[in-house]
Every structure is written in structure tokens, then in C-alpha cells.
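Working through the structure, step by step
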Amino acid sequence: MKKNNVKIGLIALIVVILFGIFGISQYNGLAKKEQSVESQWSQVENVMQRRADLVPNLVNSVKGSMQQEQKVFGDIAKAREAYGSANKDSDKIKASQELDQSVGTLINVINENYPELKSNNNVQTLMTQLEGTENRISVERKRYNDVVKEYNEQVVSFPKNIFANMMGLGKKEYFKAEPTASSVPSVNFDNSTSSSSGK
């Protein structure tokens, strides 16, 4: 009888140890995936910050020649301030999208109404740098969404989903464009005033 109890105890202990090893392995795998998501998000933030740093240089280069575009400059200033004060990732995404739209409007205004500014070497260099940065942001957003997809697949698949729930690891949000992002902002000039709105 004692031998049976000892065998059962040993089997139970082995099962617990194996379950513990399996659990640690699952936890480590999920933790690494989560770190990949966070690392990629920081790269997205890095290139969005580069864009936020370039914008004032472009604004200062063209502001003196574009006195009637105060609304465009005001929108850019508000968007930069919102980006700088954003603490949550979702707030940074929203502020970045507002900055995208404002800077896009400014570049459209320069291209359409200020050819002399567009041909200015300093302005052209800044616009080229901004365009390159926008491309980098696009690439980093895609990479971020790729690692989020990988992570989310792990979190929802069995048996990792059990451990993910036990550890409080939930699905991560994809970087999505706002519904208005597909609309081209319209820029109208009437009697030296400007207005910009997404339709």
C-alpha cells in the first residue's frame, strides 16, 4: 500500500514538474514575442519623432512667405503639441495622424501655390527629408503590424492562450489608419484666407 502511495506521489510530482517546465517555456515564448512588439513600437515612435522634429524646420522656412496660411500653421502646431504630450500609444497614433494630415496640407499648399518656395533649396531639402521620413513611418508601421500579428496568433492559440490569460497577456492593437485617412484634404483659398478639411 505504501509503495503504491509513493508511486502515485512520484507520478504526481513528475506531472507537476513537467507542467511547470511547460508553463515556463510558454511564458518565456510569449514574453519574447511581447518584447518584439514593444521593440517594434519604439521604432515606429522613433521615426514619428523624427518627423515631428523636422516639421518646425519646414514651417519656419516657409512661414514668412505664407502669411495667409495661419490656419495651416496653427493646425500643425496643435498636432505637434498633442504628439509631444501624448502618453498612451493610442494618443500618439491619433496625434501622429493629425500631424500627417496637417503636414500633407502644408506640402500641397506649397506645391500648388508657392512654386518659388518649392524651388528654394532649403525648403526642397526639408520636403525631401519629410517624404523619406513618411516612407520610413509607413515601413515601420507595417513591421509593427507584422509582429503584432505574430504575437496575437500566439496569444489566441491553444495551449498558449491558457497561459496568456493566466499571465494577463492580451491581444495587442494593430496600427490602423483613421477612417478619414483615405480622404484627400481639400485646400481652398478665398480672399487671402485658407481652410483645410478632410471630406
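Bear in mind the structure is a predicted one, so any value in this text is a computation, not a measurement.

So, the overall build of the protein chain
The helix and strand inventory of the protein chain stands at six helices and two strands. Helices and strands appear in the protein chain in the N-to-C order α-α-α-α-α-α-β-β. Put simply, the protein chain has 199 residues, and 33% of those count as buried. Look at the contacts in the protein chain between residues 6 or more apart in sequence, and 73% of them connect residues 24 or more apart.

Some words on the nonpolar core
Core analysis: the largest hydrophobic core is formed by 41 residues, its most contacted members being Leu 58, Val 62, Met 66, Leu 106 and Ile 110. Taken together, the elements giving at least two residues each to this core come down to helix 1 (2-63), helix 2 (70-85), helix 3 (89-113) and helix 5 (121-156). Ranked by residue count, the leading element in this core is helix 1, at twelve residues. For Leu 58, the contacting residues outside a window of four places in its chain are Leu 106, Ile 107, Ile 110, Val 123, Leu 126, Met 127 and Leu 130.

Comments concerning the pattern of salt bridges
Per the counting criterion, the structure on display carries ten salt bridges. For Asp 100, the salt bridge goes to Arg 141, with nearest N and O atoms at 3.3 Å. A residue pair is termed long-range when its members are at least 10 positions apart, and Asp 100 in helix 3 and Arg 141 in helix 5 qualify at 41 residues. Taking relative accessible area as the criterion, Arg 141 reaches 18% and is therefore assigned buried. Overlapping salt bridges bring together Arg 51, Asp 100, Glu 134 and Arg 141 as one network.

Some details on the packing of helix 1 against helix 6 (residues 160-167)
Packing of helix 1 against helix 6 brings their axes to within 10 Å, and their N-to-C directions diverge by 75 degrees. What the angle tells us is that helix 1 and helix 6 run roughly perpendicular. Where helix 1 approaches helix 6, its residues Phe 19, Phe 22, Gly 23, Gln 26, Tyr 27 and Leu 30 are matched on the opposing element by Lys 160, Phe 163, Ala 164 and Met 167. Taken together, the residues that form the contact of helix 1 with helix 6 break down as seven nonpolar, two polar and one charged.

As for the packing of aromatic side chains
The description of an aromatic ring pair uses the distance of the two centres, along with the angle that the planes make with each other. Summed over all chains, the structure comprises one aromatic pair. Lying over the aromatic face of Tyr 83, Lys 92 brings its terminal NZ or CZ to 5.7 Å of the ring centre.

A short note on the environment of Val 72
One can find Val 72 in helix 2. Given the relative accessible area of 4%, Val 72 is considered buried. The spacing of Val 72 and Val 103 is 31 residues in sequence and 8.3 Å in space, taken between C-alpha atoms.

Focus: helix 6
Looking at helix 6, one finds that the buried residues are Lys 160, Phe 163 and Ala 164. For helix 6, the angular spread of the buried residues around the axis is 105 degrees, confining them to a single face. Exposed positions of helix 6 whose direction lies more than 90 degrees from the buried face are Asn 165 and Met 166. Elements that come into contact with the buried residues of helix 6 comprise helix 1 and helix 5.

Regarding the confidence of the model for the protein chain
The predicted model of the protein chain has a mean per-residue pLDDT of 78, with 87% of residues at 70 or higher. The low-confidence segment residues 180-199 (pLDDT under 50) makes 28 contacts with residues lying over four places distant or belonging to another chain.

Notes on a nonpolar patch on the surface
A cluster of nonpolar side chains, contributed by Val 6, Leu 10, Leu 13, Ile 14, Ile 17, Leu 18 and Ile 21, occupies part of the molecular surface with about 670 Å² of accessible area. Mapping Leu 18 onto the fold places it in helix 1. You can call Leu 18 exposed: its relative accessible area is 52%.

Conventions we followed
Residues numbered from 1 in each chain as written. Predicted model: local features only at pLDDT ≥ 70, side-chain atom pairs only at ≥ 80, totals over all residues. Heavy atoms only, no water. Helix = DSSP H or I, 4+ residues; strand = E, 2+ residues; numbered from the N terminus. Buried < 20%, exposed > 50% of the residue type's maximum accessible area, 1.4 Å probe, protein only. Contact = heavy atoms within 4.5 Å. Core = buried A, V, L, I, M, F, W, Y, C linked by side-chain atoms within 4.5 Å. Salt bridge = Lys/Arg side-chain N within 4 Å of Asp/Glu carboxyl O. Axes fitted to C-alpha atoms, helices over the stretch in contact; angles between N-to-C directions. Parallel < 35°, antiparallel > 145°, perpendicular 65-115°, else oblique. Nonpolar A, V, L, I, M, F, W, Y, C, P; charged D, E, K, R; others polar. Phe/Tyr/Trp six-rings, centres within 6.5 Å; stacked < 30°, edge-to-face > 60°. Lys NZ or Arg CZ within 6 Å of the ring centre and 35° of its normal. Arc of directions from axis to C-beta. pLDDT = per-residue confidence, 0-100. Patch = residues over 30% accessible without salt bridge, like charges linked within 9 Å, V, L, I, M, F, W, Y side chains within 5 Å. Areas by Shrake-Rupley, 256 points an atom, 1.4 Å probe, with all protein chains shown as cover.

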